[in-house]
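Descriptive structure summary
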Amino acid sequence: MDFESVVLPGVDPARPIVIAGPCSAETEDQVMETARGVAAQGVKIFRAGIWKPRTKPGGFEGIGTAGLAWFKRVKRETGMYVTTEVATEKHVFEALKAGVDILWIGARTTVNPFAVQEIADALSGVDIPVLIKNPVNPDLELWIGAIERLYGAGLRRIGVIHRGFSSYDKKTYRNPPMWHIPIELRRRLPNLTVFCDPSHISGRRDLIAPLCQQAMDLQFDGLMIETHCCPATAWSDASQQLTPDDLDHLRSLLVIRNADRPSQDLSELRCKIDQIDENLLELLARRMQVSLEIGQYKKKNNMPVLQTMRYSELIEKRAAFGKTLDLDPDFIREVLKNIHEESVRKQMNVMSGEKESLPQ
Ligand code: PEP
Ligand code: MN
């Protein structure tokens, strides 16, 4: 597939290309005040959700078509381009009729081939930039499938947005990033324009700046950042929006390293290592939990914590298995010894009724 740039005339293509604006268009005043605020910081592309996909019914589901008239005013008074999310054929027709300059497809839509095909069909023969967010689940082929559907309808100005992936237990991030997925996407489709949406990845204002820096270090082309004239009163995603002044401050702190190819490769490799380390630690935590359960069992059945036979057998089995994976047996013995020591320490605490408890 051969893509064309999504950068519109008058927009500086230098990294990062910034798209800013509120999660949702709420009122004409809120849209205009935010638009003036970001335009004053040099932003050239204004975002706002007109139709909002909400997890549960009953919340604010977007202002709808009425908000499109406010977009016209934004364009007229600030000169910015405007972009919004489309999820149905009706959204596409209304957005095109209102002169929306760039469309984006949300994560909950990318996941559904029927919906993406409906949008692609509605756009057949139209030349407009479209940005495709990653699907909510980490499925690269599904993401590429959505790109292919739009490409098949004749669209060439296609970009993508990494907004993180949904996870069952939300810890640090609302939608944890999996950088290796957009990196692999760019490796397979090199001329795609790649954005990062740190607002939906983090769900928290304070994590937006470090995520932007990470995206820049990984050579992303642009950033889509939720920005609101008064984030605390926002009708959706209040905790992840910046003020226009915060946005300006963030941009002034960004370090843009226009890497030559070797250091880009290094960033990509480091990112893979980070991901693998996280997986390793998650596995280790699971192992410790099982070990605690064993501790409880031993306590209940009056068994000693340390069973030397089982320990030696385990170490030797793992060393042999490690060898089949090209891992040095002595190294494996050493790693396992440390893990085992920590397990024994935890089980001893269970025996003495101290501290350690099973996760609820
Ligand atoms: C949004 O950008 O406001 C939005 C709903 O994003 P996502 O599709 O990433 O959840
Ligand atoms: Mn949002």
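The structure under discussion appears in the preceding block.
This write-up is about the structure you can find in this document.

Analysis parameters
- Residues numbered from 1 in each chain as written.
- Chains lettered and ligands numbered in written order.
- Predicted model: local features only at pLDDT ≥ 70, side-chain atom pairs only at ≥ 80, totals over all residues.
- Heavy atoms only, no water.
- Helix = DSSP H or I, 4+ residues; strand = E, 2+ residues; numbered from the N terminus.
- Buried < 20%, exposed > 50% of the residue type's maximum accessible area, 1.4 Å probe, protein only.
- Areas by Shrake-Rupley, 256 points an atom, 1.4 Å probe, with all protein chains shown as cover.
- Lys, Arg positive; Asp, Glu negative; His and termini not counted.
- Charge placed at Lys NZ, Arg CZ, Asp CG, Glu CD.
- Near = heavy atom within 4 Å.
- Polar contact = N/O pair within 3.5 Å; in protein donor to acceptor, adjacent residues only side chain to side chain.
- Nonpolar A, V, L, I, M, F, W, Y, C, P; charged D, E, K, R; others polar.
- Pairing = 2+ DSSP bridges.
- Right-handed = clockwise from strand over helix to strand, strands pointing away.
- Patch = residues over 30% accessible without salt bridge, like charges linked within 9 Å, V, L, I, M, F, W, Y side chains within 5 Å.
- Salt bridge = Lys/Arg side-chain N within 4 Å of Asp/Glu carboxyl O.
- Donors = N, O, S within 2.8 Å, 3.2 Å for Na, K, Ca; no water.

1. Some words on the overall build of the protein chain
When helices and strands are tallied, the protein chain shows 13 helices and 8 strands. Here the C-alpha coordinates of the protein chain stretch approximately 80 × 40 × 40 Å along the principal axes. For the protein chain, with 360 residues in total, the buried portion stands at 46%. Surface exposure of the protein chain reaches about 18100 Å², of which carbon and sulfur atoms provide 54%. For the protein chain, the separation between the mean place of its 46 positive charges and that of its 48 negative charges on side chains is 4 Å.

2. Description of the site of ligand 1
Around ligand 1 sit C23, R47, K52, E85, W104, G106, A107, R108, K133, R163, H200 and E226, and that is every residue in its neighbourhood. In the environment of ligand 1, an oxygen atom lies 2.7 Å from a nitrogen or oxygen atom belonging to the side chain of K52. Between ligand 1 and R163, the relevant distance is 2.6 Å, taken from an oxygen atom to a side-chain nitrogen or oxygen of the residue. The residue makeup of the shell around ligand 1, split by class, is 3 nonpolar, 2 polar and 7 charged.

3. Brief notes about the pairing of strand β3 (residues 81–85)
Of all 5 residues that make up β3, 4 are buried, and the element is covered over most of its length. Where strand β2 (residues 45–47) lies against β3, 3 bridges are found, and the strand directions are parallel. Residue F46 lies in a different strand from β3, and its bridge partner there is V82. Between the parallel elements β2 and β3, the chain passes through helix α2 (residues 66–78) in a crossover that is right-handed. Of the pairings in the sheet, the one linking β3 to strand β4 (residues 102–105) comprises 3 bridges and is parallel in character. Counted as the bridge partner of T84 is L103 from β4. Running through helix α3 (residues 89–97), the crossover from β3 to the neighbouring parallel element β4 is right-handed.

4. As for a nonpolar patch on the surface
Taken together, the side chains of F321, L325, L327, F331 and V335 define a hydrophobic patch exposed on the protein surface, amounting to about 460 Å² of accessible area. Checked against the element boundaries, V335 lands in helix α13 (residues 329–351). With relative accessibility at 31%, the residue V335 sits in the partly exposed group.

5. Some thoughts on the coordination of the manganese ion (ligand 2)
Distances from the manganese ion (ligand 2) to its protein donors, C23 (SG), H200 (NE2), E226 (OE) and D237 (OD), fall within 2.1 to 2.4 Å. When the donor residues of the manganese ion (ligand 2) are listed from N- to C-terminus, their spacing reads C-x176-H-x25-E-x10-D. Of this pair, E226 sits in strand β8 (residues 222–226) while D237 sits in the loop between β8 and α10 (244–253), placing them 11 residues apart in sequence. Of the two residues, E226 and D237, both sit in the buried class.

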